[in-house]
Amino acid sequence: MQLILESLFNGVAIGSVLLIAALGLAIVFGLMGVINLAHGELMMLGAYSTYVTQLIFKLPVLKPFYNAYVIVAIGVAFVVSALVGILLERTVIKRLYGSPLETLLATWGVSLILQQFVRSVPLAYGAGLVISLLTALILPKLLPENLYENNRNHLVRFGTWAFSAMIGVITASGLSTTISKISRASSRNVDVTAPSWMRGGVDFLGITFPMTRLVIIVITIIAVIAVTWFLNRSVWGIRIRAVTQNRSMSDCLGISTETVDILTFGIGSGLAGVAGVAVSLLGSVGPNVGSSYIVGCFMVVVLGGVANLLGTIIASFSIGIMTDLIGAGRLLTIWPQMPGPLASTVDFFATTSMARVLIFALIVIFLQFRPAGLFPQKGRMVDV
């Protein structure tokens, strides 16, 4: 009984990381039809944001509040990944809507650029560049339209970019001067140390449940509740659902589909950042940390049914439990009288990497009978 409970807990913990990562991908892929292969790199940015937040809280001024850095890191990671995602949508994705293959290739290129960017560019300079670009994109929306009339158009645009560049330089110099430890992100992995209240575990029924994994499960539950409430209760959530059902009619009724696209991509990217916080608490953080999760995220989205929240939850936990049962070899312990040929097969796949191969093969077989996943999607993507 203890072995079954331990396996279920480990499976739920693995599934929680997959779920919180796949939530953002399900929103972007399901509601917008964008195959975002840079989703893993948005997770990586969230993980690095956690590392940076941890170092900031080690400064003498904030050291008394060090144990609260994880809570702050969740918000910071969400904002950083959301802003980078919005920047990606405004500069690349918006020109490729309706072309899944082109978005796949473009976002794959962006993922490679982000990986090399983290390896090669000092972190302070990278932050300054991102802030500069975001300021240049947002500032024209805030200025009065009459400034762009007549011959002042080029002058105002030049002033906007000059001001944005100055903001980026100030941000970069401030970070590099104040926090010298994070002035450069090397290609070597960095480690995030959990605060004292997240160390150890909770004993229940003779089993020790690691506190870190319990916190990740709680974060996942909060994220699922927040996304569910937003999509079903908030004004903009209802507008997102309306655009999903019928984009042209929503546009005719006065809903800003461009704003919906920005908001949807921002939320999906921000959730990837929150997933990066969870990933950083489980192991080392490096430029390739997101690549190991992107395939699993797509497996969850496809298996559960695109844009279906319940399907995403069921698929995440199913894959997590199967990964633990097969990859850790617990299935043989739970069922010692397993027939010889089956036992040999299970033993062959009793590693984490091989377990993923087996699960992927089982999903492919399942999709032969239900191509649309557990819960088929509804909305405009069905007609594409």
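Notes on the structure follow. Quick caveat, the model's predicted, so the values are computed rather than measured.

**Comments concerning the overall build of the protein chain**
When helices and strands are tallied, the protein chain shows 15 helices and two strands. Counting across all 384 residues of the protein chain, residues that qualify as buried make up 45%.

**Some remarks on the packing of aromatic side chains**
For the structure on display, the rule yields one aromatic pair. Against the face of W236 rests R239, its NZ or CZ located 4.5 Å from the ring centre.

**Section: the pattern of salt bridges**
In this structure the tally under the stated criterion is two salt bridges. In this structure, the salt-bridge partner of E89 is R90, at a minimum N-O distance of 2.7 Å. For the residue pair E89 and R90, the accessibility class agrees, reading buried in each case. As a salt-bridge pair, E258 and R90 come within 2.6 Å of each other at their nearest N and O atoms.

**Regarding the nonpolar core**
Counting residues in each nonpolar core, the largest one holds 76 residues, and the members touching the most others are L23, M43, Y69, F265, L271, I319 and I363. With 14 residues, the top contributor of residues to this core is helix α1 (residues 2-32). Excluding anything up to four places from it in sequence, Y69 contacts T50, T53, Q54, F57, V192, T193, A194, P195 and L281.

**Re helix α4 (residues 100-120)**
Here α4 spans 30 Å end to end across 21 residues, near enough to the 30 Å set by a 1.5 Å rise per residue. If you check which residues of α4 are buried, you get T103, T107, V110, S111, L114, Q115 and V118. Looking straight down α4, one finds its buried side chains confined to an arc of 140°; they lie on one side. Every exposed residue of α4 that faces more than 90 degrees away from the buried side is listed here: L101 and I113. On the buried face of α4, the contacting elements are α2 (39-56), α3 (69-91) and α11 (291-304).

**A few points about the pairing of strand β2 (residues 207-210)**
Burial along β2 is one-sided: the face carrying I207 and F209 is buried and the face carrying T208 and P210 is not. Note that strand β1 (residues 201-204) and β2 share four bridges and pair antiparallel. The partner of F204 across the bridge, within β2, is I207.

**Concerning the packing of α11 against helix α12 (residues 309-327)**
A pair of packed helices is characterised by two quantities: the angle between their axes and the separation of those axes. Where α11 contacts α12, the axes come no closer than 8 Å and their chain directions differ by 125°. Taken together, the axes of α11 and α12 are oblique relative to one another. In the packing of α11 onto α12, the handedness of the crossing is right-handed. Within the contact between the two elements, α11 uses M299, V300, L303 and G304 and α12 uses G311, T312, A315, S316 and I319. For the contact of α11 with α12, the class distribution of residues is five nonpolar, four polar and no charged.

**Topic: a nonpolar patch on the surface**
A surface patch of nonpolar side chains, about 430 Å² in accessible area, is lined by L101, L105, W108 and L112. Along the chain, L101 falls in helix α4. Given a relative accessible area of 54%, L101 falls into the exposed group.

**Here we look at the environment of K94**
By the secondary structure assignment, K94 is in the loop between α3 and α4. Along the sequence, K94 and I262 sit 168 residues apart, while their C-alpha atoms lie 9.2 Å from each other.

**Structural notes on the environment of Q116**
Relative to the assigned elements, Q116 resides in helix α4. Considering only alpha carbons, one finds Q116 and P287, 171 residues apart in sequence, at a separation of 7.7 Å.

**Let's talk about the packing of α2 against α3**
As a packed pair, α2 and α3 sit with axes 8 Å apart at the nearest point and diverge in direction by 140°. Taken together, the axis directions place α2 and α3 in an arrangement best described as oblique. Our pair here, α2 against α3, has a crossing hand that is right-handed. When α2 is examined against α3, the residues L42, L45, G46, S49, T50, T53 and Q54 are found in contact with a partner set consisting of Y69, V72, A73, V76, A77, V80, S81, V84 and G85.

Rules used in this analysis
Residues numbered from 1 in each chain as written. Predicted model: local features only at pLDDT ≥ 70, side-chain atom pairs only at ≥ 80, totals over all residues. Heavy atoms only, no water. Helix = DSSP H or I, 4+ residues; strand = E, 2+ residues; numbered from the N terminus. Buried < 20%, exposed > 50% of the residue type's maximum accessible area, 1.4 Å probe, protein only. Phe/Tyr/Trp six-rings, centres within 6.5 Å; stacked < 30°, edge-to-face > 60°. Lys NZ or Arg CZ within 6 Å of the ring centre and 35° of its normal. Salt bridge = Lys/Arg side-chain N within 4 Å of Asp/Glu carboxyl O. Core = buried A, V, L, I, M, F, W, Y, C linked by side-chain atoms within 4.5 Å. Contact = heavy atoms within 4.5 Å. Expected span 1.5 Å × (residues − 1). Arc of directions from axis to C-beta. Pairing = 2+ DSSP bridges. Axes fitted to C-alpha atoms, helices over the stretch in contact; angles between N-to-C directions. Parallel < 35°, antiparallel > 145°, perpendicular 65-115°, else oblique. Left-handed = near helix turned anticlockwise from the far one by under 90°. Nonpolar A, V, L, I, M, F, W, Y, C, P; charged D, E, K, R; others polar. Patch = residues over 30% accessible without salt bridge, like charges linked within 9 Å, V, L, I, M, F, W, Y side chains within 5 Å. Areas by Shrake-Rupley, 256 points an atom, 1.4 Å probe, with all protein chains shown as cover.

On their own, these measurements won't tell you what the molecule is for.
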